[in-house]
Amino acid sequence: MAIHQGLTFGKDWVFTYGPLGFLSTRVPAYIGITPLILYDIFTAGVLVYILRYTFKELNNTVKWFVVPYLIMMSTHNSETTFQLFTFFIFLVFHHYRTKSLFSLALATGISVLIFFIKLNLGIVASVILYCHLFLNIFSDKKSWIKMISFFGFHVLVTTLLGQILHVDLINYVRGALSIINNYNDAMFSVDFINLTARYAYFNVAIASVIIITLAIFFIYSLPTILKSHSDIFILLVMLFAWYLGFKQGFTRFGFAGMSYPFFYGALFVGIAYLFIQNPILKKRLGDVFMVFLFVSPFVSTGLGFSFNKITIPYQDVLFTNLRFQQQVSDQKNRVEYHIDSEIAKSFKGKTVDVVPYEIAYTFFNDLHYNPRPAIQSYQAYNNYLTSLNYEKYTSPTAPDFVLYTTVGPTDVQRYNFWGDSKTTLAMLQNYDYDTTTVSKDTLQIVRKRAKSLQLVKSDPKDLAFRLGEEIQVSQQNKLTWIEVKVNYSLWGKIMRVLVQPPVLRVKATYEDGTTEVFKAIISEIEAGMFLKKLQSNTEAEHFFRTRGQNKSITKLQFLQNHSGFQDDITAHLYDVSFQ
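Residues numbered from 1 in each chain as written. Predicted model: local features only at pLDDT ≥ 70, side-chain atom pairs only at ≥ 80, totals over all residues. Heavy atoms only, no water.

Right, let's talk about the sheet that holds strand β13 (residues 568-578) for a bit. The antiparallel open sheet is built from four strands, whose spatial order is β6-β13-β8-β11. Two strands in the sheet have a free side with no partner beyond their single neighbour: β6 (455-466) and β11 (529-530). Pairing analysis gives six bridges linking strand β8 (residues 480-485) to β13, with the strands arranged antiparallel. Paired with Glu 483 across the two strands is His 572, which belongs to β13. (Pairing = 2+ DSSP bridges. Helix = DSSP H or I, 4+ residues; strand = E, 2+ residues; numbered from the N terminus.)

Structural data, given as structure tokens:
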């Protein structure tokens with residue numbers, strides 16, 4: 001939809017996926033299946049190129065285990081960027097050992113593809129490529145012209161594709177880094193172990209086997225590694241690639257991501273095994289690889305919790321997205337997301353956005369979608385992202401209508417109303433309540449005002465308090481905005497990098513004396529939020545009808561933690577009104 005409407009990525013559209021994200025989602029809307037088929041032909045060709053080398057290099061029975069595993073996992077396709085990243089690692093290592101310019105060209109091209117599909121791994125691939133190029137210059141000064149040429153080629157192709165695909169490269173990277181930075185803080189599940197204990201403890205145990213195996217390998221082999229200088233680069237990249245997979249699986253700790261540290265981890269170790277030169281290291285790394293091969297099938301089933309299937313890429317094209325299936329699916333969704341025809345008439349010739357994320361309403365009612373930049377409110381989890389949304393909603397290009405739905409929490413104990421709060425502020429400032437309608441969800445519809453109201457701030461306060469201390473923050477009938485600064489302790493920072501950040505919970509006391517405990521996301525509360533109760537459709541309608549006169553949160557208490565946060569907290573707050 002973004003490509004179809006000519007939106008600029010990084011400016012009009014700030015999301016985890018880029019303009020080639022459809023290669024991962026494999027939804028052919030607007031673009032057809034031809035790009036998907038061309039992409040699959042390319043990846044199949046790269047796979048054949050890789051297998052040719054693998055068969056030649058492995059002259060023992062190991063290849064009869066390795067090759068089928070490689071084929072299956074490279075077509076696992078739960079995330080296209082990891083498939084490409086696996087190929088990329090192989091090609092970089094292949095050039096590192098053989099100096100094959102064809103492998104380097106393929107690696108360069110794949111890194112550009114990843115960059116425009118999903119920027120988190122795109123940045124990583126670009127950094128690894130650049131390090132590899134400069135390492136080659138350092139080790140062989142005669143190669144500097146070739147390496148600089150590939151560097152220039154990568155930059156040039158990225159720049160040209162950015163122009164063609166409507167990408168503001170600077171803001172594309174800036175937005176992605178902002179999303180990546182606070183993903184840890186906002187998107188991890190805090191009670192997954194309690195909710196699915198069997199699945200969770202089983203996979204934690206399997207992960208422990210992998211971590212212990214890797215630790216034994218590196219500790220026991222450290223003297224040999226330090227003597228084998230040419231193997232250090234391969235082992236470091238292998239370990240870093242596995243760490244990325246581990247974070248993908250264990251930060252969010254969900255079914256879909258659990259394959260990355262195990263299945264793809266096996267591929268990273270197996271690829272490194274092919275290119276390690278020291279025979280002692282090669283043998284030991286082969287043992288590590290066999291541990292990965294042994295445990296990963298157990299993780300895929302999760303003792304009964306099957307979360308994904310090994311498939312070929314064309315399942316989506318041949319068996320899911322056939323034309324008649326698309327028509328049936330489209331008709332079903334048009335019924336499910338249907339908006340009352342009388343209300344839909346008022347949208348004719350107007351633009352529409354949906355908060356927090358159900359943009360299916362725009363697609364299946366053929367509305368003119370005009371999104372705020374951070375299109376999913378639960379991912380507008382820091383000041384930069386929610387400020388982009390505020391600027392959009394208070395600008396001349398703001399959508400004419402916004403459909404607001406009250407949805408359940410995206411994570412256990414997350415308070416959805418605190419997400420993307422500056423968008424809510426802009427809606428109070430620049431929109432009037434229009435009507436409420438019931439579709440698949442109850443929709444609160446607000447209409448853009450002819451003239452935006454002026455935001456008035458009054459009674460500003462600065463507070464300093466400590467963890468565990470209850471503080472008075474607002475009063476009944478006051479619309480109070482608060483920005484809270486909480487810092488991780490050293491231990492909290494370490495945990496944030498290695499596995500998951502510590503959990504910060506806050507106890508909210510409402511004006512009627514009732515209390516509730518939320519998960520407080522530190523980047524979200526630092527960006528600011530309203531001290532109001534909004535969790536039901538009735539509360540949502542009242543909030544927009546009255547410009548925020550819902551039940552107030554009068555007291556806050558940030559609960560004690562296990563040394564994950566510094567004790568001292570500061571807050572800035574003020575009352576808000578409009579005129």
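Okay, back to it.
This part is about helix α22 (residues 537-545). Regarding α22, the residues found buried are Glu 539, Ala 540, Phe 543 and Phe 544. Projection of α22 onto a plane perpendicular to its axis shows the buried side chains occupying an angular sector of 125°, all on one side. Exposed and oriented more than 90 degrees from the buried face of α22 are Thr 538 and Arg 545. In the core, the buried residues of α22 are packed alongside β3 (401-405), α19 (421-430), β4 (431-438), β5 (442-448) and β11. One or two steps after α22, the chain reaches Arg 547, where phi turns positive at roughly 55°. (Buried < 20%, exposed > 50% of the residue type's maximum accessible area, 1.4 Å probe, protein only. Arc of directions from axis to C-beta. Contact = heavy atoms within 4.5 Å.)

So, on to the pairing of β4. In this sheet, β5 lies alongside β4 in antiparallel orientation, the contact comprising seven bridges. Paired with Asp 432 across the bridge in β5 is Arg 447. Where β4 folds back onto β5 in an antiparallel hairpin, the turn is made up of three residues.

We now examine the sheet that holds strand β2 (residues 368-369). In spatial order, the strands read β2-β1-β3-β5-β4; together these five strands make up an open sheet with mixed pairing. What marks the edges here is a single partner per strand, and that holds for β2 and β4. Strand direction decides the pairing type here: strand β1 (residues 351-355) and β3, joined by four bridges, are parallel. Each residue of the ladder has a partner; that of Asp 353, found in β3, is Val 402.

Here we take up the side chain of Thr 80. Within the element layout of this structure, Thr 80 appears in helix α4 (residues 80-98). Polar side-chain contacts of Thr 80 include one of 3.0 Å to the backbone oxygen of Leu 23. Ignoring sequence-local partners within four residues, the contact set of Thr 80 consists of Leu 23, Ser 24, Tyr 39 and Ile 117. (Polar contact = N/O pair within 3.5 Å; in protein donor to acceptor, adjacent residues only side chain to side chain.)

Moving on, we get to helix α8 (residues 169-187). Its 19 residues place the ends of α8 25 Å apart at the C-alpha level, agreeing with the 27 Å of an ideal helix rising 1.5 Å per residue. Of all the bends found along α8, the most pronounced is centred on Asn 181 and spans about 35°. Along α8, the residues that are buried comprise Tyr 172, Gly 175, Ala 176, Ser 178, Ile 179, Asn 182, Asn 184, Asp 185, Ala 186 and Met 187. (Expected span 1.5 Å × (residues − 1). Bend = angle between axes of the 7 residues up to and from the residue.)

So, about the side chain of Asp 185. Note on placement: Asp 185 falls in helix α8. You can call Asp 185 buried: its relative accessible area is 4%. Of the polar contacts made by the side chain of Asp 185, one reaches the side chain of Tyr 488; its length is 2.5 Å. At 2.8 Å, the side chain of Asp 185 and the side chain of Arg 496 are in polar contact. Leaving out residues up to four positions away in the same chain, Asp 185 has contacts with Tyr 488, Arg 496, Pro 501, Lys 519, Ile 521, Ile 522 and Ser 523.

Contact geometry of helix α5 (residues 101-117) with helix α7 (residues 144-164) gives a least axis separation of 10 Å together with a crossing angle of 30°. Judged by the angle between their axes, α5 and α7 are roughly parallel. Here α5 and α7 pass one another in a crossing that is right-handed. Between α5 and α7, the contacting residues are Leu 101, Leu 104, Ala 105, Thr 108, Ser 111, Val 112, Phe 115 and Phe 116 on the first element and Lys 146, Met 147, Phe 150, Phe 153, His 154, Val 157, Thr 158, Leu 161 and Gly 162 on the second. Residues of the contact of α5 with α7, tallied by class, amount to 11 nonpolar, five polar and one charged. (Axes fitted to C-alpha atoms, helices over the stretch in contact; angles between N-to-C directions. Parallel < 35°, antiparallel > 145°, perpendicular 65-115°, else oblique. Left-handed = near helix turned anticlockwise from the far one by under 90°. Nonpolar A, V, L, I, M, F, W, Y, C, P; charged D, E, K, R; others polar.)

The subject of this paragraph is the nonpolar core. Residues Phe 85, Phe 88, Ile 89, Phe 93, Leu 235, Phe 262 and Leu 285 are the most contacted members of the largest nonpolar core, which totals 97 residues. At 12 residues, the largest contribution of residues to this core is made by helix α12 (residues 260-275). Ignoring any residue separated from it by four or fewer positions in sequence, one finds Phe 93 in contact with Phe 233, Ile 234, Val 237, Met 238, Ile 271, Ala 272 and Phe 275. Ranked by size, the runner-up nonpolar core spans 51 residues in total, among them Tyr 431, Leu 453, Ile 522 and Leu 556. (Core = buried A, V, L, I, M, F, W, Y, C linked by side-chain atoms within 4.5 Å.)

Nothing here speaks to function; it is geometry throughout.
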